Amino acid sequence: MASNASKVPLLRVIAKRGYAAACPRPVGEAAAVQTKQLDNKVVVATAEAQLPVTRVSVVFGAGSRNETYETQGATHLLRVAGGLTNKNSTGFALTRNIQQVGGNLTVTSDREVVAYTVETTANNVEVGLHYLQDVIQPAFKPWELSDSVPFIKNQVATVPPQVQAVELLHKAAFRTGLGNSVYIPKFQIGKLSSETMLHYVANNFTAGRCAVVGVGVDHNALVGFAQSLELPTGGKSSSGANYYGGDARKDTPGNVAHVAVAGQGGAVSNPKEALAFAVLQFAIGSGPATKRGAVNGPFGKALSSAVGDAKACFSALNASYSDAGLFGFVVSTDAQNVGKAVDALARTLKSGTVSSDDVNRGKALLKAAVLEAYATDSSLVAEMGLQAVLTKGVQSADALVAAIDGVSQQDVQAAAKKAGSSKLSVGAVGNLANVPYASDLA
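Calculation criteria
- Residues numbered from 1 in each chain as written.
- Predicted model: local features only at pLDDT ≥ 70, side-chain atom pairs only at ≥ 80, totals over all residues.
- Heavy atoms only, no water.
- Helix = DSSP H or I, 4+ residues; strand = E, 2+ residues; numbered from the N terminus.
- Rg over C-alpha atoms; globule rule 2.2 N^0.38 Å.
- Buried < 20%, exposed > 50% of the residue type's maximum accessible area, 1.4 Å probe, protein only.
- Contact = heavy atoms within 4.5 Å.
- Areas by Shrake-Rupley, 256 points an atom, 1.4 Å probe, with all protein chains shown as cover.
- Lys, Arg positive; Asp, Glu negative; His and termini not counted.
- Charge placed at Lys NZ, Arg CZ, Asp CG, Glu CD.
- UniProt positions renumbered as here; feature names shortened; annotations may be inferred.
- Phe/Tyr/Trp six-rings, centres within 6.5 Å; stacked < 30°, edge-to-face > 60°.
- Lys NZ or Arg CZ within 6 Å of the ring centre and 35° of its normal.
- Polar contact = N/O pair within 3.5 Å; in protein donor to acceptor, adjacent residues only side chain to side chain.
- Core = buried A, V, L, I, M, F, W, Y, C linked by side-chain atoms within 4.5 Å.
- Domains from an automatic or database assignment.
- Pairing = 2+ DSSP bridges.
- Axes fitted to C-alpha atoms, helices over the stretch in contact; angles between N-to-C directions.

**A few points about the overall build of the protein chain**
Of the regular secondary structure elements, the protein chain holds 16 helices and eleven strands. For the protein chain, whose C-alpha radius of gyration is 23 Å, the value lies close to the compact-globule estimate of 22 Å for 442 residues. Along the first, second and third principal axes, the C-alpha set of the protein chain runs to 65 × 50 × 40 Å. Looking at the protein chain as a whole, 54% of its 442 residues qualify as buried. Within the protein chain, contacts between residues separated by at least 24 positions form 80% of all contacts whose residues are at least 6 apart in sequence. Within the structure as shown, the protein chain displays about 19000 Å² of accessible surface, and the carbon and sulfur contribution to it stands at 52%. Taking the 38 positively charged and 32 negatively charged side chains of the protein chain as two groups, their mean positions are separated by 3 Å.

Set out below in structure tokens:
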């Protein structure tokens, strides 16, 4: 079974004519991106690599927002099933043959997308692509799903409390759709059948929701690979997001509380507003710039004045989705001080004011983050996949930096006012005795 990795004549023919691209891009230099949309609506994007390592992702707009009440947790199961038997190869063959060429195959997902990514050395790209083509056709054998239950239970049990708070925040904000968690609910573990999962894949792994992106691979060759994928057409589009606001809370033992608070943010469908919120995230305070350093920005100053020397961790929260967004903060501190911390940060959020110095700092930090993402192959392929699925195109680093330079203080101010004036949502985990409700922060 393990020896069939070599039986990929089509991919070998493509490889011989130059599938693996050279890697002329100097280390640290932002990548240039080529993009093409095929007749079946599949988006293909490529960029040069820094090293002779090829990374290719097949990305579907099949994230957890597409789950129904009955299929909650389907995307979590997709992540787990990435290394299991598919329609063309067993889990053993998949694992062994990828390992034999020193490759790596991963499956990631969020509320919008599910991404299958293979990494191999450039001379072994055809083997990686062969199994990448297989893995997007999962079989969901019932006995393999049953064997995965203990692993899934362990994953759910070890979700950090700050992440749990953000998951509850989405539930309070959107209820369904974007409110669906990226983790399977405990009552669903072991309940999703093979038929249910196959139906979910058939409805969501469609050509119109697909993008194929690669770093260190020839563009025309990747177009040929994308055209060879047997993807169904049609499929339902994601339902629109409705923002509601409110509370979702989970009491747990201990003396620490983790609280996420947010109002409405910017959607990817409005690029200018989404960029303004991204600048606002860094301007208002997303953490210290140096180890054990002080936190600049309105959030850092408000938290320091509220809790003094008490230990508190916080970060600005900015989540932009295709048609909606959230903007706010996440804070963790002891139960005695959490009420004061949340009140102070919420007042700063609702003030809707940002100084020009804060905006300039936010723009500089955001540009640095963009250039870092485009200069690292592993983060670049993820960024390309997300953009290709959500916007049907991929912007270059230079274009993004120019767009950030075009964001004015008035744009950022408008974003701050939108978040601060909307109904707030609160997600909280821990000792919640002193955690205010959303109505208390109005």
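**A word on the UniProt feature "domain: Peptidase M16 N-terminal" (unreviewed entry) in the protein chain**
Per the UniProt record, the feature "domain: Peptidase M16 N-terminal" (unreviewed entry) sits at residues 44-185. Along residues 44-185 the backbone is 40% helical and 18% strand, and the end-to-end C-alpha distance reaches 34 Å.

**Overview of the packing of aromatic side chains**
Scanning the model with the defined rule gives seven aromatic pairs in all. Their ring planes at 25 degrees and their centres at 6.2 Å tell us that tyrosine 69 and phenylalanine 187 sit as a pair that is stacked. One end of the pair, tyrosine 69, is in the loop between strand S3 (53-60) and helix H2 (74-80); the other, phenylalanine 187, is in the loop between helix H7 (161-174) and helix H8 (194-204), with 118 residues separating them in the sequence. Judged by relative accessible area, tyrosine 69 falls into the exposed class, the value being 59%. Judged by relative accessible area, which is 43%, phenylalanine 187 ranks as partly exposed. Relative to phenylalanine 205, the ring of tyrosine 116 lies with its centre 6.0 Å away and its plane at 80 degrees, an arrangement referred to as edge-to-face. With tyrosine 116 in strand S5 (residues 114-121) and phenylalanine 205 in the loop between H8 and strand S6 (210-215), the pair connects residues that are 89 residues apart, well separated along the chain. Judged by its relative accessible area of 3%, phenylalanine 205 is buried. Joined through ring pairs, the aromatic side chains of Phe60, Tyr116 and Phe205 make up one cluster. Stacked on the ring of tyrosine 244, the Lys or Arg arginine 175 has its end atom at 3.9 Å from the ring centre. A cation over an aromatic ring shows up here: arginine 249 above the ring of tyrosine 437, its NZ or CZ 3.8 Å from the ring centre.

**A short note on the side chain of histidine 76**
Note that histidine 76 resides in helix H2. Engagement of the side chain of histidine 76 in a polar contact is seen with the side chain of glutamine 155, the distance being 2.6 Å. Excluding residues within four positions of it along the chain, histidine 76 makes contact with Ile152, Gln155, Val156, Val182, Tyr183 and Ile184.

**Quick notes on the nonpolar core**
Val259, Leu280, Phe329 and Val331 are the most contacted members of the largest nonpolar core, which totals 66 residues. Sort the elements by how many residues they give to this core and helix H10 (residues 271-284) lands first, with nine residues. For this core, the domains that each give at least three residues are domain 1 (32-228) and domain 2 (246-441). The contact partners of valine 331, leaving out residues within four places of it in the chain, are Ala257, His258, Val259, Leu303, Cys313, Phe314, Ala341, Val342 and Leu345.

**Side note on the sheet that holds strand S8 (residues 256-264)**
The strand order across the open sheet built from five strands is S7-S11-S8-S10-S9, with neighbouring strands paired in mixed fashion. The outermost strands of the open sheet, each flanked by one partner alone, are strand S7 (246-251) and strand S9 (312-320). Neighbour-to-neighbour, the strand axes of the sheet open up by a mean angle of 10 degrees, direction not taken into account. Note: S8 against strand S10 (residues 325-334), nine bridges, orientation antiparallel. When the sheet's bridge partners are listed, histidine 258 is paired in S10 with serine 332. With respect to the sheet, H10 is in contact with S8, S9 and S10, its orientation differing from that of S9 by roughly 175 degrees. Docked against the sheet, helix H12 (residues 338-351) engages S8 and S10, running at close to 155 degrees with respect to S10.

**Side note on the environment of glycine 339**
Note on placement: glycine 339 falls in helix H12. Residue classification places glycine 339 among the buried residues on the basis of a relative accessible area of 10%. Expressed as a C-alpha distance, the spacing of glycine 339 and tyrosine 437, which sit 98 residues apart in the sequence, is 10.0 Å. Apart from the residues within four sequence positions on either side, glycine 339 is in contact with Asn434 and Pro436.

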